[in-house]
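This is what each chain is made of:
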Amino acid sequence: MAEQRRIGYRWHLRTLMAQRNLWKTTELMPLLRSRGINLSESQVYRLVTGTPERIPARTFAALCDILDCSPNDLFEPFVEMRAAGTANAPSRPEDIGVRPGQPIARRIRLIPDEHHPDEGPGE
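Residues numbered from 1 in each chain as written. Predicted model: local features only at pLDDT ≥ 70, side-chain atom pairs only at ≥ 80, totals over all residues. Heavy atoms only, no water.

Residues with a pLDDT of 70 or more make up 74% of the protein chain, whose mean pLDDT is 83. The least confident element of the protein chain, judged by mean pLDDT, is strand β2 (residues 75-82) at 82; the most confident is helix α4 (residues 57-67) at 97. (pLDDT = per-residue confidence, 0-100. Helix = DSSP H or I, 4+ residues; strand = E, 2+ residues; numbered from the N terminus.)

Printed below as a string of structure tokens:
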């Protein structure tokens, strides 16, 4: 399997509103309504403060018209690249030196070095 690509996006509605001196979500409601978009206060609030997963094309177009911007100004996609979860992973335990039926971890016993009389402490 080749690399997996994860697509993300940034939603810039709040920033664009601020640049145009629109500070409250309630200020956006009549502007949307005048373009035939009837959203509740909570819907507009979520649209401005959150990152929408879905947005109707008419709403998107109305926002572009209200803010005098392009879709690219509102919506900025980006690619997060990461390797596939199984990329170059061994498929068999034997490939990493583990034999079936044998424990992977083994107990060891540490034996301290004997102290030589001609050495000082800690040497």
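On to helix α3 (residues 41-49). Of all the positions in α3, only V44, L47 and V48 are classed as buried. Looking straight down α3, one finds that the buried residues subtend no more than 95° of arc, so they occupy a single side. Tucked into the core, α3 has its buried residues touching β1 (4-11), α1 (13-19), α2 (25-33) and α4. (Buried < 20%, exposed > 50% of the residue type's maximum accessible area, 1.4 Å probe, protein only. Arc of directions from axis to C-beta. Contact = heavy atoms within 4.5 Å.)

The subject of this paragraph is the packing of α2 against α3. With their axes 9 Å apart at the nearest point, α2 and α3 run at an angle of 110° to one another. Between α2 and α3, the interaxial angle falls into the category roughly perpendicular. In this structure, α2 crosses over α3, and the sense of that crossing is right-handed. Seen from α2, the contacting residues are T25, T26, L28, M29 and L32; seen from α3, they are E41, V44, Y45 and V48. (Axes fitted to C-alpha atoms, helices over the stretch in contact; angles between N-to-C directions. Parallel < 35°, antiparallel > 145°, perpendicular 65-115°, else oblique. Left-handed = near helix turned anticlockwise from the far one by under 90°.)

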